[in-house]
Every structure is written in C-alpha cells, then in structure tokens.
Amino acid sequence: AAPLVRVAVDGPSATGKSDSAQQLAQRLGFLYVDSGALFRALALALSSKLLPASNPSAIAAYLTGPENPVPRIQWTFPPGRIMLNGHDVSLAIRTDEITQKASEYAVLPAVREALIGLQRHIGVDDPNVRGVVMDGRDIGTTVFPDADAKLFLDGDVHVRAARRVRQRRQQMAAAGDEKLFDAAALDVVRVAEALAARDYRDRTRPQGALACAPDAVVIDSASVTLTEQVDMMEKAVRSRLACDATLL
Ligand code: CDP
Ligand code: CDP
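Residues numbered from 1 in each chain as written. Chains lettered and ligands numbered in written order. Predicted model: local features only at pLDDT ≥ 70, side-chain atom pairs only at ≥ 80, totals over all residues. Heavy atoms only, no water.

Near ligand 1 lie 18 residues; those nearest to it are Arg 40, Arg 112, Arg 198, Asp 202 and Arg 205. The separation between an oxygen atom of ligand 1 and a polar side-chain atom of Ser 13 is 3.1 Å. In the environment of ligand 1, an oxygen atom lies 2.5 Å from a nitrogen or oxygen atom belonging to the side chain of Asp 202. Bound to the protein, ligand 1 loses 96% of the 540 Å² it would expose on its own. At the level of secondary structure, the elements contributing two or more residues to the shell around ligand 1 comprise α2 (35-48) and α8 (188-204). In terms of residue count, α2 provides more of the shell around ligand 1 than any other element does, four residues in total. Of the residues that make up the shell around ligand 1, three or more belong to each of domain 1 (1-30 + 131-241) and domain 2 (35-129). (Near = heavy atom within 4 Å. Polar contact = N/O pair within 3.5 Å; in protein donor to acceptor, adjacent residues only side chain to side chain. Areas by Shrake-Rupley, 256 points an atom, 1.4 Å probe, with all protein chains shown as cover. Helix = DSSP H or I, 4+ residues; strand = E, 2+ residues; numbered from the N terminus. Domains from an automatic or database assignment.)

Attention now moves to the site of ligand 2. Lining the immediate surroundings of ligand 2 are 17 residues, of which Ala 14, Lys 17, Ser 18, Asp 19 and Arg 166 lie closest. One of the side-chain nitrogen or oxygen atoms of Lys 17 is found 2.8 Å away from an oxygen atom of ligand 2. At a separation of 2.9 Å, an oxygen atom of ligand 2 approaches a polar side-chain atom of Arg 164. Of all the secondary-structure elements, those providing two or more residues to the shell around ligand 2 are α1 (17-28), α7 (157-175) and α9 (226-241). Counting residues per element, the shell around ligand 2 draws most heavily on α7, at four residues. For the shell around ligand 2, the per-class residue count stands at four nonpolar, eight polar and five charged. (Nonpolar A, V, L, I, M, F, W, Y, C, P; charged D, E, K, R; others polar.)

Within the secondary structure layout, Ser 90 lies in the loop between β5 (87-88) and α4 (96-105). By relative accessible area, which is 13% here, Ser 90 ends up buried. A distance of 3.5 Å separates a polar atom in the side chain of Ser 90 from a polar atom in the side chain of Arg 81. Reaching out from Ser 90, the side chain makes a polar contact with the backbone nitrogen of Ile 82 at a distance of 3.1 Å. If we skip the residues at most four places from it in the chain, Ser 90 touches Arg 81 and Ile 82. (Buried < 20%, exposed > 50% of the residue type's maximum accessible area, 1.4 Å probe, protein only. Contact = heavy atoms within 4.5 Å.)

Bringing the sheet that holds strand β4 (residues 81-84) into the picture now. An order of β3-β4-β5 is seen for the three strands of this open sheet, with the pairing classed as antiparallel. A single partner strand is all that each edge strand has here, and the edge strands are β3 (73-76) and β5. Packed onto the sheet, α2 meets β3 and β4 and runs at close to 25 degrees relative to β4. (Pairing = 2+ DSSP bridges. Axes fitted to C-alpha atoms, helices over the stretch in contact; angles between N-to-C directions.)

Listed below in structure tokens is the structure:
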C-alpha cells in the first residue's frame, strides 16, 4: 500500500488546532487525530494508578512493564472518540485536573517515548485511510519530521484565552450545565495565565518541545476567523501536495 500522506498541525493551546485540523481533514478526506487526547488518556491511566509526575522512574518502569496501558488506548474513527481499557473516556480527559496533569506528564521522556509508536501507527493498517491530519506540539518536529505538509498555529495569548472562555460557555450551554466549569475557568485573565504557564512548560521540556519546524507554514490564528484559518491551512497543504499529484 502507498504510504499515508501526513499533515502536521502544531502550536500552543487554544490556537484552534482541534477545530481547524478537524475541518481541514474533512476537506481533504483524511483522518483527523488529536494527539493531545492520547496524552490526556495516558495521564488518566497514570493518575488512576497513583503514579505522580514527580516519580519518573516508577512511571518509566510501569510504561515498559507488562501493565503498560498504551496498547489499551484507542483513537476510534469516526467519530473521533478516545477509549481506554475499552471505556469511552472522551469526556473524562477534558477536566481541568487532567489538562494540568497531561501537561506535567508530557514533560517526561518515558511518557513521550511510550506514545510515539501509537501516534505513528494510527490509520496505517486501514485501507480506507489515505492521509492523516494530526495536531499536537511536536508532530512536525518529532513524530513526523518528514510530514508532507506542516502548519504552525500561533497567536496572542489574550485572544486565545478569550476564545477558550467563549468555547467553555458554549459547551455549558450545549450541556445545559451551568456548573460544568468553575469561575476561574471562565475568567479570561486567569485562563490567560494558565495557558501561558502550560505553553511555557510545553516549550521548554527536553524532549518533544513545542516548536515551529523550519519548513512549517505559520498562521496567526488571532487575526483570522476559524473559517479563514481553515481556508489558509487548506491552501498551504494543497500547494505543498501539488508537487506530487498522486497525493491528493
Ligand atoms: O487542547 P489543548 O491545547 O488545551 O491541549 P491538548 O492539545 O489536548 O494537550 C494537552 C497537553 O498534552 C498539552 O499541554 C501538552 O503538554 C501535551 N501534549 C504534548 O505534549 N504533545 C502533543 N503532541 C500533544 C499534547
Ligand atoms: O486545539 P486547540 O487548543 O489549539 O484549540 P481549539 O479548542 O480548537 O480552539 C479554541 C477555540 O477557539 C474554539 O472554540 C475555536 O473554534 C476558536 N477559534 C476561533 O474562534 N478562531 C480561530 N481562528 C481559531 C480558533
């Protein structure tokens, strides 16, 4: 079978990676993969085993031992849900607690090494999948350094925080649950601080740091609407893939 076309989408939090990469994948007829969900699912597994990020040697032993949970993490498509041990954990991985923990565990080389094979393999054995759009932090630099197209989304942290709060309010309205998020999670100033702290941790870790690949197309998410952003991404990918007409 022909190798899969790979499109890497990286950038800090709330630059619209999930929403825009999903729409881009749809337009291209490719599979969308949210690599952050894999890190979140592993964080859920590690925290339920009471293994804190402050104990890297215990985590490394667990992840290389017979109980390694990574083979039991599954990205299911469609509709793009995440399973752990046969249970749908798509909602459980979205809490603030797991968001925070995912970012702390993601610093550890053992955690990154445990997930890299899974990230590279998703879609490979599926004859219906021609290409993969994967979003994350180090997709274009570490997971798929030879990706066919790379996009890096960036943007002012205050705009990102305001969009994150708006997104949470929409989620609360959709769920009919006014208590889905606490006051801090809806305060733009505090959300901006939390985003900046997580971005800093993501940018400064020794392995798999958030970074813009030299051959990535950079898009300022703060100055465009979501649809404009997807349009720019689609245009960039199609122009990269145009060199090889068999890819599209
Ligand atoms: O949606 P949001 O940007 O808030 O987070 P996410 O993409 O779901 O990622 C959650 C955490 O997982 C991030 O803070 C990163 O530390 C980590 N992550 C990573 O290290 N590498 C990736 N490829 C994806 C996520
Ligand atoms: O995955 P990531 O954390 O990078 O971001 P997201 O969850 O896809 O996007 C955060 C929020 O910003 C979502 O509600 C997006 O629809 C919104 N957004 C926007 O309104 N305009 C953009 N240009 C990009 C994102």
